[in-house]
Amino acid sequence: MDSKNEKLLYMIYQVFDLSKRAWNKNRKERGMELEAHPEHADKNHRRHHGHDKLRGASLNRALKVLEENPGLKPSELAALLEIRPQSVTGLVDRMEENEFVERVADSQDRRIWRLYLTEKGKDICKIASTYQSEVADAFFLPFTEEEKETLIFLMGKLVAYHKNKEIDNGDL
């Protein structure tokens, strides 16, 4: 690698990959993965149609967002998850099939559907939160509290810069 920037980018990718593996390790055994719809079983089909985001981290993020914001419309959920509306439709379908969420018609406009966690969905949120804490504690074990604060600051700065850059370029 030629530059510090390339090394940093590669290391960020490695950290992402390792954290994803740590998170995925026992997720299915804890009931935190949706069953794939039969037509989405083929990996190439999922990738081509944008269904790769229907599993794992997206499920947990979606449940967490709905826990914090009950009654969102699917389009609002898509915006908060920063995924395409088509992808959120499949995600909501899977969550409903697994009885994690229910769609409820809006009281003011029956054409609008609102999303609410079921008791099962709330239970999964609690399990996921506990598990996420365990995974995060183990993953960041090599760091002191001061190093974690520094890393939070630096990564936050990097995220804020690139989110603002997307906004400035009209990419959002």
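Residues numbered from 1 in each chain as written. Predicted model: local features only at pLDDT ≥ 70, side-chain atom pairs only at ≥ 80, totals over all residues. Heavy atoms only, no water.

A. How the structure looks around the packing of helix H1 (residues 4-24) against helix H6 (residues 119-139). At their nearest, the axes of H1 and H6 sit 10 Å apart, and the two run at 135 degrees to each other. What the angle tells us is that H1 and H6 run oblique. As H1 runs across H6, the sense of the crossing is right-handed. From H1, Val-15, Leu-18, Ser-19, Ala-22 and Trp-23 reach across to H6, where they touch Ala-128, Tyr-131, Gln-132, Val-135 and Phe-139. Class assignment of the residues belonging to the contact of H1 with H6 gives a composition of eight nonpolar, two polar and no charged. (Axes fitted to C-alpha atoms, helices over the stretch in contact; angles between N-to-C directions. Helix = DSSP H or I, 4+ residues; strand = E, 2+ residues; numbered from the N terminus. Parallel < 35°, antiparallel > 145°, perpendicular 65-115°, else oblique. Left-handed = near helix turned anticlockwise from the far one by under 90°. Contact = heavy atoms within 4.5 Å. Nonpolar A, V, L, I, M, F, W, Y, C, P; charged D, E, K, R; others polar.)

B. Molecular detail of the pattern of salt bridges. This structure, assessed with the given rule, holds twelve salt bridges. Notably, a salt bridge pairs Arg-103 with Glu-96, separated by 2.8 Å at the nearest N-O pair. On the basis of relative accessible area, Arg-103 is assigned to the partly exposed category, the value being 26%. Ionic pairing is found between Glu-119 and Lys-122, a salt bridge with its closest N-O pair at 3.6 Å. Taken together, the residues Glu-119 and Lys-122, both in helix H6 and three residues apart, mark about one turn of the helix. The partly exposed category is assigned to Lys-122, whose relative accessible area is 36%. One network of salt bridges, with partners in common, ties together Lys-64, Glu-67 and Glu-68. (Salt bridge = Lys/Arg side-chain N within 4 Å of Asp/Glu carboxyl O. Buried < 20%, exposed > 50% of the residue type's maximum accessible area, 1.4 Å probe, protein only.)

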